[in-house]
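Below are the chains, spelled out letter by letter.
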Amino acid sequence: MTALTLSTAAVAGLRADAIVIGVAKSSASKPGGPVVAPGAEAVDQAYDGNLAGVLETLGASGAEGEVTKLPAPAGFKAPLVVAVGLGAQPRENSGYDAEALRKAAGAAARALTGTKKAAFALPLADAADAGAVAEGVLLGAYSFDAYKDKGDAKNGKAPLAEAALLGGKPRDKAYKAAVERAVAVSEELNRARDLINTPPNDLNPEAFAAIAQAAAKEHGIKVQVLDEKALVKGGYGGILGVGAGSASGPRLVKLSYTSSKAKKHLALVGKGITYDSGGISLKPAGHNETMKCDMSGAAAVFAAVVAAARLGLEANVTGWLALAENMPSGSATRPGDVLRMYSGKTVEVLNTDAEGRLVLADALWAASQEKPDAIVDVATLTGAMVLALGSRTFGIMANDDDFRAVVQEAAEEAGEPAWPMPLPEHLRKGMESSTADIANMGERMGGGLVAGLFLREFVGEGITWAHLDIAGPAFNEGGPFGYTPKGGTGSAVRTLVRLAERAAAGELS
Ligand code: BES
Ligand code: MN
Ligand code: ZN
């Protein structure tokens, strides 16, 4: 990953390959050309105070994500200036918002692929801004090239190696802490992206469990892996039923991070389908090519627990990874089969492609047995949620309105687009089964909410619970934007870390 430092060096004398500055769109109240953001004063002076004019000549407007490269002024050691768009200029007396900085830093880091060292002279009003720029750089510079021949020049250049953040206070505790937090969270988030991007022939449930086990050991997290035998013994019919068709058996991984000063216990549950073919209800061609991403929820939970441990948060955070591969075969669960779940309830499987709710049901019930203060599950659960909210926003459902609002606030603070969704009671009857306690499918309309209602049945009595359906934002099939790469995005990791931080502050629910 990119190496980060806070620096007080003067821009002109800095040995770097590029200097990144911010440029904003002029405000509606004072229309005009692009506006150079604070942090770039020295660069502006070297352009005789006409940097905004130079940028306008080059066609820059300051729009979000825009990258304009220009030669550095005479006397600068660095040869290149990269002006990155921050979007609308903030209103007078208010700074740039953290997410605008994060996105701009990410876009610049991406544009600097193949560069060794860049200095970021973006507007930093406080330590939180420094943290946001750090996150933007580390997340934006990400690339996944584990499967590409590095000797082949066609395969692209190395990510930005070094970034110096200017305008911060390197000796200030708050700035140092903000950058350290950004490094821990971004490293774990990027590892989640690696797991999501790893092809499913290499990342099966056993391999994922082994990676989680190794990371847990490294960071002093207690880990327990239930293999197929243990799952049979424990009666985990949901996880076993989904994994039944695969040559790679399912696993349930429990990661327990504990703090002696913990006041709250947060449980996180992740859907970890390492490949979702649909099973006997096979997905048609065109719908399964990206289904290695169906373990994104488990990857997010894994990353968040390790980040909580690295940050030494004063909370207990338990992660549950429900891992299985959903495949058709002679041993696979059939539409019409009835599974006896870990909770004791029976489920008639009407569609083997509605598998996520089955593995989550067992993990939610297992998590409930510890009576945590709250449970949050994360899953690429339904195509319906993608239809509802698009490819960048995840849906939040909950059995408690206040907690749903807490989760949404955490997402906002993290810079992750999220939106509350209801759990309409009338949709429950669509899942009535003539054979079992419940069916794994209901009405097609509102399919994301139906899935949420199904999960709710497996949350222990009186436990506060929220469900994040990240099917849209988990995997970016389009081009990169801001700090979001193509492929696995690490959606929900930062929201979960914020929730763990709230738990540490005693403000969970
Ligand atoms: N993993 C899919 C959901 C999904 C769709 C994730 C698109 C990411 C992108 C899930 O297991 C699934 O197949 N859901 C079905 C449920 C249906 C059979 C009730 C769906 O959404 O079509
Ligand atoms: Mn499916
Ligand atoms: Zn799935």
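Remember, it's a predicted structure, so these values are computed and weren't measured experimentally.

1. Some words on the coordination of the zinc ion (ligand 3)
Octahedral metals with six donors have ideal donor angles of 90 or 180 degrees. Tetrahedral metals with four donors have an ideal donor angle of 109.5 degrees.
In step 1: Here the zinc ion (ligand 3) is held by K271 (NZ), D276 (OD), D294 (OD) and E355 (OE), and the distances to it run 2.0 to 2.4 Å.
In step 2: Because the angles between the six donor atoms bound to the zinc ion (ligand 3) fall within 79 to 174°, the donor set is best described as octahedral.
In step 3: Here the donor residues of the zinc ion (ligand 3) share one chain and are spaced in sequence as K-x4-D-x17-D-x60-E.
In step 4: If you look at the zinc ion (ligand 3) and the manganese ion (ligand 2), they sit 3.1 Å from each other and are both ligated by D276. Placement of the pair is D276 in strand β10 (residues 265–276) and E355 in the loop between β13 (346–348) and α10 (356–368), with a sequence separation of 79 residues.
In step 5: Taking the relative accessible area as the measure of exposure, D276 reaches 3% and is therefore buried.

2. Considering the side chain of K271
In step 1: Its location among the elements puts K271 in strand β10.
In step 2: Residue class for K271 comes out buried when judged on its relative accessible area of 2%.
In step 3: There is a polar contact of 3.2 Å between the side chain of K271 and the side chain of D294.

3. As for the sheet that holds strand β17 (residues 438–439)
Each strand in a sheet pairs with another by means of backbone hydrogen bonds, the pair being arranged parallel or else antiparallel.
In step 1: Judged by pairing direction, the sheet is mixed, and its three strands sit side by side in the order β12-β13-β17 without closing on themselves. Among the strands making up the open sheet, the edge pair consists of β12 (338–340) and β17.
In step 2: Where β13 meets β17, two bridges bridge the pair, whose relative direction is parallel. Among the inter-strand pairings, E348 is bridged to a residue of β17, identified as A439.

4. Description of the domain arrangement of the chain
In step 1: Each domain of the chain was delimited in the assignment, giving domain 1 (3–168) and domain 2 (186–504).
In step 2: On a C-alpha basis, the centroid separation for the pair domain 1 and domain 2 is 36 Å.
In step 3: Taken together, the contacts link 14 residues of domain 1 with 18 residues of domain 2.
In step 4: Buried area between domain 1 and domain 2, both sides added, is near 1,400 Å², and the carbon and sulfur share of it is 59%.
In step 5: Inspection of the region where domain 1 meets domain 2 yields one salt bridge.
In step 6: Salt-bridge contacts for R494 lead to E135; the nearest nitrogen and oxygen are separated by 3.7 Å.
In step 7: Seen at the junction of domain 1 and domain 2, the total is nine residue pairs in polar contact (both at pLDDT 80 or more).
In step 8: For the side of domain 1 that touches domain 2, the element with the most residues is helix α3 (residues 98–111), which contributes six residues.
In step 9: When the residues that make up the side of domain 1 that touches domain 2 are grouped by side-chain class, the tally is six nonpolar, three polar and five charged.

5. A closer look at the coordination of the manganese ion (ligand 2)
In step 1: All of the protein donors around the manganese ion (ligand 2) are D276 (OD), D353 (O), D353 (OD) and E355 (OE); their distances to the metal are 2.0 to 2.2 Å.
In step 2: Considering all six donor atoms around the manganese ion (ligand 2), the spread of angles at the metal, 70 to 169°, places the coordination shape in the irregular class.
In step 3: Sequence spacing of the donor residues for the manganese ion (ligand 2), all on one chain, is D-x76-D-x1-E.

6. Looking at the sheet that holds β10
In step 1: A sheet is described by the order of its strands in space; here eight strands give the open sequence β8-β9-β11-β10-β14-β18-β15-β16, paired in mixed fashion. Single-partner strands in this sheet number two, and they are β8 (222–226) and β16 (418–420). Each neighbouring strand pair of the sheet contributes to a mean axis angle of 20°, computed without reference to strand direction.
In step 2: Direction of pairing for β10 relative to strand β14 (residues 374–379): parallel, over a ladder of five bridges. Within the sheet, the bridge partner assigned to L266 lies in β14 and is A374.
In step 3: Set on the sheet, α10 makes contact with β9 (251–257), β10, β11 (316–326), β14 and β18 (464–469); between it and β10 the angle comes to about 155°.
In step 4: Sitting on the sheet, helix α13 (residues 447–456) is in contact with β14, β15 (394–398) and β18, with an inclination near 145° to β18.

7. Details of the site of ligand 1
In step 1: Near ligand 1 there are 16 residues, and of these K283, D294, D353, E355 and G383 occur at the shortest range.
In step 2: The separation between a nitrogen atom of ligand 1 and a polar main-chain atom of T380 is 3.4 Å.
In step 3: Its residues placed into classes, the shell around ligand 1 shows five nonpolar, four polar and seven charged.

8. Quick look at the packing of aromatic side chains
In step 1: Taken as a whole, this structure holds four aromatic pairs when the rule is applied.
In step 2: With centroids separated by 6.0 Å and ring planes inclined at 40°, the aromatic side chains of F144 and Y147 adopt a geometry described as tilted.
In step 3: Judged by relative accessible area, F144 falls into the partly exposed class, the value being 27%.
In step 4: Classification of Y147 by relative accessible area gives partly exposed; the value is 47%.

9. A few points about the nonpolar core
One recurring pattern in soluble globular proteins: nonpolar side chains tend to sit buried together.
In step 1: Judged by nonpolar contacts, the single largest core of 64 residues is most densely connected at F208, L321, L468 and L496.
In step 2: Here this core takes twelve residues from helix α9 (residues 296–311), the largest share from any one element.
In step 3: Grouped together as the second largest cluster of nonpolar side chains are 45 residues, L358, A367, I375 and M397 included.

10. What about unusual backbone geometry?
In step 1: For D48, which is not a glycine, the phi torsion comes out positive at approximately 60°.
In step 2: With respect to the helices, strands and loops of the structure, D48 is situated in the loop between α1 (41–46) and α2 (51–57).
In step 3: Since its relative accessible area comes to 72%, D48 is described here as exposed.

11. Things to note about the pattern of salt bridges
In step 1: In total, this model carries 24 salt bridges according to the counting rule given.
In step 2: With a shortest N-O distance of 2.5 Å, R102 and E99 are connected by a salt bridge. On the criterion of helical spacing, the pair formed by R102 and E99 is a turn pair, its members being three residues apart in helix α3. E99 matches R102 in its accessibility class, with the two residues each being buried.
In step 3: Across the pair K271 and E355 runs a salt bridge, and its minimum N-O distance is 3.0 Å. Taken as a pair, K271 in strand β10 and E355 in the loop between β13 and α10 lie far apart in primary sequence, 84 residues in all. As far as the burial class goes, K271 and E355 line up, both buried.
In step 4: Through salt bridges that share partners, E99, R102, E135, R181, E409, E413, R494, R498, E501 and R502 make up one connected network.

Criteria and thresholds
- Residues numbered from 1 in each chain as written.
- Chains lettered and ligands numbered in written order.
- Predicted model: local features only at pLDDT ≥ 70, side-chain atom pairs only at ≥ 80, totals over all residues.
- Heavy atoms only, no water.
- Donors = N, O, S within 2.8 Å, 3.2 Å for Na, K, Ca; no water.
- Tetrahedral: all angles 85-135°; square planar, octahedral: opposite > 155°, others 65-115°.
- Helix = DSSP H or I, 4+ residues; strand = E, 2+ residues; numbered from the N terminus.
- Buried < 20%, exposed > 50% of the residue type's maximum accessible area, 1.4 Å probe, protein only.
- Polar contact = N/O pair within 3.5 Å; in protein donor to acceptor, adjacent residues only side chain to side chain.
- Pairing = 2+ DSSP bridges.
- Domains from an automatic or database assignment.
- Contact = heavy atoms within 4.5 Å.
- Buried area = accessible area lost by both parts, 1.4 Å probe.
- Salt bridge = Lys/Arg side-chain N within 4 Å of Asp/Glu carboxyl O.
- Nonpolar A, V, L, I, M, F, W, Y, C, P; charged D, E, K, R; others polar.
- Axes fitted to C-alpha atoms, helices over the stretch in contact; angles between N-to-C directions.
- Near = heavy atom within 4 Å.
- Phe/Tyr/Trp six-rings, centres within 6.5 Å; stacked < 30°, edge-to-face > 60°.
- Core = buried A, V, L, I, M, F, W, Y, C linked by side-chain atoms within 4.5 Å.

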